[in-house]
Amino acid sequence: MPVLEIDAIRDILPHRYPFLLVDRIDELEVDRIVGIKNVTANEPFFNGHFPDYPVMPGVMIVEAMAQVAGVLVLKQIEDRKKKLVLLAGVDAAKFRKPVRPGDQLRMEMKVLRHRATMVKVSGTATVDGAVVAEAEILCVLADRT
């Protein structure tokens, strides 16, 4: 049973269609989170990547991982409506297998370092238990103003 469904995620993240890349959160701890993205054939990026063999772009997989990390960070902040979690860096990104329409992307993110305005997370994205991507992501917390 999901810990957070789409309405709760939309209450935490500022992203909206077509750029909201998290459908639900299955596990949520202080320094760890598991999020799900159901990859469908009607994703806008599949129109050009690639029409004859649709593959989810690696940058979109990393963005989905960063959004899951954003849920983890923002969920713990009381005045989260006044804050944004911005992507500040990506290290050690590796892409192992293509992600295709019909796949369910499971993203597990763990906090490596947490400061007042900076969080570094490490994560893996899997499909059916096979690792499809991994990365370390640096996020900064900023005021919305």
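Predicted model only: the values in this text are computed from it and were never measured.

Novice: Residues and numbers for the pairing of strand β2 (residues 32-38), please.
Specialist: Burial within β2 is extensive, with six of its seven residues counted as buried. Across four bridges, the pairing between strand β1 (residues 24-28) and β2 is antiparallel. What sits directly across from Leu28, in β2, is Ile33. From the end of β1 to the start of β2, which pair antiparallel, there are three residues. Two elements, β2 and strand β4 (residues 104-114), share seven bridges in a ladder whose sense is antiparallel. From the neighbouring strand, Lys37 faces β4, where its bridge partner is Leu105.

Novice: Tell me what's going on with the sheet that holds strand β3 (residues 83-95), and back it up with residues and numbers.
Specialist: Pairing is antiparallel in the open sheet, where six strands are placed in the order β1-β2-β4-β5-β6-β3. A single partner strand is all that each edge strand has here, and the edge strands are β1 and β3. Each neighbouring strand pair of the sheet contributes to a mean axis angle of 25 degrees, computed without reference to strand direction. Looking at chain direction, β4 and strand β5 (residues 118-127) are connected through eight bridges and run antiparallel. Counterpart to Arg113 in the pairing with β5 is Lys120.

About the cut-offs
- Residues numbered from 1 in each chain as written.
- Predicted model: local features only at pLDDT ≥ 70, side-chain atom pairs only at ≥ 80, totals over all residues.
- Heavy atoms only, no water.
- Buried < 20%, exposed > 50% of the residue type's maximum accessible area, 1.4 Å probe, protein only.
- Helix = DSSP H or I, 4+ residues; strand = E, 2+ residues; numbered from the N terminus.
- Pairing = 2+ DSSP bridges.
- Axes fitted to C-alpha atoms, helices over the stretch in contact; angles between N-to-C directions.

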